[in-house]
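Examining the three-dimensional arrangement
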Amino acid sequence: MSEHLTPEHPQAEGIDPDYPDQTRQEGVHLLVNEVRDELHGEGFTDEQIFEWASAFAVREGGGSAEGLLTFIREQEHRG
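In this report, the structure presented in the accompanying data block is examined. (Residues numbered from 1 in each chain as written. Predicted model: local features only at pLDDT ≥ 70, side-chain atom pairs only at ≥ 80, totals over all residues. Heavy atoms only, no water.)

Turning to the packing of helix α1 (residues 22-41) against helix α3 (residues 65-76), a few remarks are in order. It is at 9 Å that the axes of α1 and α3 come closest, and there the two elements cross at 60 degrees. Between α1 and α3, the crossing angle belongs to the class labelled oblique. Crossing of α1 over α3 shows right-handed handedness. Where α1 approaches α3, its residues Leu 31, Glu 34, Val 35, Glu 38 and Leu 39 are matched on the opposing element by Ala 65, Leu 68, Leu 69 and Ile 72. Tallied by class, residues from the contact of α1 with α3 come to seven nonpolar, no polar and two charged. (Axes fitted to C-alpha atoms, helices over the stretch in contact; angles between N-to-C directions. Helix = DSSP H or I, 4+ residues; strand = E, 2+ residues; numbered from the N terminus. Parallel < 35°, antiparallel > 145°, perpendicular 65-115°, else oblique. Left-handed = near helix turned anticlockwise from the far one by under 90°. Contact = heavy atoms within 4.5 Å. Nonpolar A, V, L, I, M, F, W, Y, C, P; charged D, E, K, R; others polar.)

Counted under the stated rule, the structure contains two aromatic pairs. Residues Trp 52 and Phe 71 carry aromatic rings whose centres are separated by 6.0 Å and whose planes lie at 80 degrees to one another, so their mutual orientation is edge-to-face. Of this pair, Trp 52 sits in helix α2 (residues 46-60) while Phe 71 sits in helix α3; the two residues are 19 residues apart in sequence, bridging distant segments of the chain. Overall, Phe 71 belongs to the buried group, its relative accessible area being 4%. Linked through ring pairs, Trp 52, Phe 56 and Phe 71 together constitute an aromatic cluster. (Phe/Tyr/Trp six-rings, centres within 6.5 Å; stacked < 30°, edge-to-face > 60°. Buried < 20%, exposed > 50% of the residue type's maximum accessible area, 1.4 Å probe, protein only.)

Okay, structure coming up:
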(Lines give C-alpha, C1' and ligand atoms only; values in the text may rest on other atoms or scores of the structure.)
Protein backbone atom coordinates (compact mmCIF):
# COMPACT_ATOMS: atom_id res chain seq x y z
CA MET A 1 0.00 0.00 0.00
CA SER A 2 1.45 3.32 -0.98
CA GLU A 3 -0.09 5.42 1.78
CA HIS A 4 -0.20 4.37 5.43
CA LEU A 5 -3.64 3.94 7.00
CA THR A 6 -4.29 4.61 10.67
CA PRO A 7 -6.10 1.76 12.43
CA GLU A 8 -9.16 3.45 13.92
CA HIS A 9 -12.84 2.76 14.05
CA PRO A 10 -14.97 4.74 11.58
CA GLN A 11 -16.48 6.68 14.49
CA ALA A 12 -13.07 8.31 15.06
CA GLU A 13 -13.48 9.89 11.63
CA GLY A 14 -17.03 11.05 12.31
CA ILE A 15 -18.75 8.14 10.56
CA ASP A 16 -21.66 6.58 12.41
CA PRO A 17 -21.46 2.80 12.67
CA ASP A 18 -24.14 1.97 10.12
CA TYR A 19 -24.61 -1.66 9.21
CA PRO A 20 -25.85 -2.85 5.85
CA ASP A 21 -29.20 -4.45 5.33
CA GLN A 22 -29.38 -8.18 4.62
CA THR A 23 -29.01 -7.71 0.88
CA ARG A 24 -25.51 -6.26 1.35
CA GLN A 25 -24.20 -8.35 4.25
CA GLU A 26 -22.70 -11.11 2.11
CA GLY A 27 -20.90 -8.51 0.00
CA VAL A 28 -19.48 -6.91 3.14
CA HIS A 29 -18.12 -10.24 4.33
CA LEU A 30 -16.54 -10.91 0.94
CA LEU A 31 -14.99 -7.45 0.95
CA VAL A 32 -13.64 -7.97 4.48
CA ASN A 33 -12.00 -11.20 3.33
CA GLU A 34 -10.35 -9.38 0.41
CA VAL A 35 -8.77 -6.62 2.51
CA ARG A 36 -8.18 -8.44 5.80
CA ASP A 37 -4.51 -9.34 5.28
CA GLU A 38 -3.59 -5.90 3.98
CA LEU A 39 -5.36 -4.04 6.79
CA HIS A 40 -4.06 -6.45 9.44
CA GLY A 41 -0.62 -5.47 8.16
CA GLU A 42 -1.54 -1.84 8.92
CA GLY A 43 -2.63 -2.78 12.45
CA PHE A 44 -6.41 -2.91 11.96
CA THR A 45 -8.44 -5.39 14.01
CA ASP A 46 -11.14 -7.59 12.50
CA GLU A 47 -13.76 -5.42 14.19
CA GLN A 48 -12.34 -2.24 12.64
CA ILE A 49 -12.17 -3.85 9.20
CA PHE A 50 -15.78 -5.02 9.44
CA GLU A 51 -16.97 -1.58 10.58
CA TRP A 52 -15.16 0.18 7.73
CA ALA A 53 -16.47 -2.31 5.16
CA SER A 54 -20.00 -1.91 6.54
CA ALA A 55 -19.81 1.89 6.44
CA PHE A 56 -18.44 1.72 2.89
CA ALA A 57 -21.25 -0.58 1.75
CA VAL A 58 -23.94 1.64 3.28
CA ARG A 59 -22.52 4.90 1.90
CA GLU A 60 -21.20 3.75 -1.46
CA GLY A 61 -23.54 0.84 -2.14
CA GLY A 62 -20.65 -1.60 -2.28
CA GLY A 63 -17.55 -1.75 -4.40
CA SER A 64 -14.09 -3.20 -4.68
CA ALA A 65 -11.32 -3.78 -2.19
CA GLU A 66 -9.38 -0.85 -3.68
CA GLY A 67 -12.52 1.27 -3.38
CA LEU A 68 -12.74 0.45 0.33
CA LEU A 69 -9.09 1.33 0.90
CA THR A 70 -9.58 4.60 -0.96
CA PHE A 71 -12.69 5.31 1.12
CA ILE A 72 -10.74 4.81 4.37
CA ARG A 73 -7.89 7.05 3.14
CA GLU A 74 -10.33 9.79 2.12
CA GLN A 75 -12.10 9.70 5.47
CA GLU A 76 -8.81 9.81 7.38
CA HIS A 77 -7.53 12.79 5.38
CA ARG A 78 -10.77 14.78 5.28
CA GLY A 79 -10.01 16.88 8.27
